[in-house]
Every structure is written in C-alpha cells, then in structure tokens.
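Each chain is listed here by its residues.
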Amino acid sequence: MSLYAPKQQFENAPTGLHHAVCVDIQDLGMQETTFGPKHRVTVVFELEDLMRDARPFSVRAWYTFSMFERAPFRQMIESWKGRTFATQKEAEDFDVESLIGESAFVNILHKQTAKGVRANVTNVLPAQKRISPSGHYKRKQGVTPTPQGNQTIDPETGSSTPF
C-alpha cells in the first residue's frame, strides 16, 4: 500500500498594488547565485489583504545585500522612502532593520516557475497610509515587530526612520 502526504494548498497574494508593512528583514548570509556567492537578504512584507483563513498575506523579496548606488536593494529602499541617499556613506550607514514596522505600498506580479505560480514583489513605493503588523508573523529571532515603537516620527514625511 502507498502512502502520500497531502498536497499543501498555498494561497498566493493577489497581483496589483497593496498596502503593506515590513515585518522582517532576514540576513541570509552568503548564498550561491548564478554570479557566484553573494551576501543575500530577504525583506518580508505583511499585506493589509487577508487570505481565506483571515490571516494577512505575506510576501518576500530577495536581494543581494549591497548599498552601492546601482544595487537593486538600495534602489528599492530609495523608491520606498521616496528619496535618494545623499552620499554613499549615508547609504552604507543606514540601518536596514529600521525599516521593520514601516508601511509601504507594494506591487505584486505573479510569475510561473517550475514549482508553480509565485507572487513576486516588483516594486516598493512610499506608503499611502499607515498599517501595523497584525502579530501573526513571528520573526526568526522570536521577536514580533511593533509599529514604530519608541521611534520618533517625522511629521513632514510620516517616516520613523532617519533616512
């Protein structure tokens, strides 16, 4: 007799623009890529939209961890915050974990892969409204992100990050 595990039903986030909040930035360390080993990070967003089971969708975006001017990770942060870093030093000194708890407007497209359809974050834009983490997502370190915590919020930009 054969015994097979039931297939997992994964619900992809819908395509389009979504209000989201960053709930984690994970340092993946050195990863093998088609261009050789690279230091990689993943940014985890929790969407305002809910799945059928009433939990919020979460999506991830993977990047090479680089703050050089043309690096996609830096460009994503600049797009998200709505301004460029003034200098390379400012970019290098930026604490990327300060983005945890920050709201964003993310664009998601679906892409067919060998493993099925995957929801890809294609762009991160400045938030049009503030949302807070739901508490469903738990960081790998066991810390639940909180919105802005004791950080100072800039009244002009609504941002709690110094950048």
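So, how was this worked out
Positions within a chain are numbered from 1, following the residues in the order the chain's sequence is written. Restriction of local features to residues with pLDDT of at least 70 applies here, the model being predicted, together with a cutoff of 80 or more for giving and counting side-chain atom pairs; totals for whole chains, interfaces and linings are based on all residues. As a rule here, side-chain values come from all non-hydrogen atoms in the structure, and water together with hydrogens is ignored. Numbered from the N terminus, helices here are DSSP runs of H or I no shorter than four residues, and strands are runs of E no shorter than two. Pairing of N or O atoms within 3.5 Å defines a polar contact, subject to two protein rules: one partner must be a possible hydrogen donor and the other a possible acceptor, and residues neighboring in sequence count only if both atoms are side-chain atoms. Accessible area is worked out with a 1.4 Å probe on protein chains only. A residue is then buried under 20% of its type maximum, exposed over 50%, and partly exposed in between. Residue contacts are counted whenever heavy atoms from the two residues lie within 4.5 Å of one another. Any two strands with at least two DSSP bridges between them are considered paired. Only the stretch in contact is used when fitting a helix axis, every axis being a line fitted to C-alpha atoms; angles between N-to-C directions are given from 0 to 180 degrees.

Trainee: Would you mind going over the side chain of E102 in detail, with residue names and values included?
Mentor: Looking at the element boundaries, E102 is found in the loop between helix 2 (88-93) and strand 4 (103-113). Polar side-chain contacts of E102 include one of 3.3 Å to the side chain of K81.

Trainee: Before we move on, can you summarise helix 1 (residues 72-81) with the specific residues and values?
Mentor: Buried residues dominate helix 1, accounting for seven of its ten residues. Where helix 1 is concerned, the buried positions are F73, R74, M76, I77, E78, W80 and K81. Against the buried residues of helix 1 lie strand 1 (16-33), strand 2 (36-50), strand 3 (56-64), helix 2, strand 4 and strand 5 (116-126). Just downstream of helix 1, G82 is the residue with a positive phi angle, here 75 degrees.

Trainee: An account of the sheet that holds strand 2 is requested, with residue identities and associated values reported.
Mentor: As summarised here, the arrangement of the five strands in space is 3-2-1-4-5, forming an open sheet in which the pairing is antiparallel. Of all strands in the sheet, those bounded by a partner on one side alone are strand 3 and strand 5. Direction aside, neighbouring strands of the sheet carry axes that sit 35 degrees apart on average. Of the pairings in the sheet, the one linking strand 1 to strand 4 comprises six bridges and is antiparallel in character. Bridge pairing in strand 4 places V21 opposite S103. Helix-sheet contacts for helix 1 involve strand 1, strand 2, strand 3, strand 4 and strand 5, and the interaxial angle to strand 5 is about 55 degrees.

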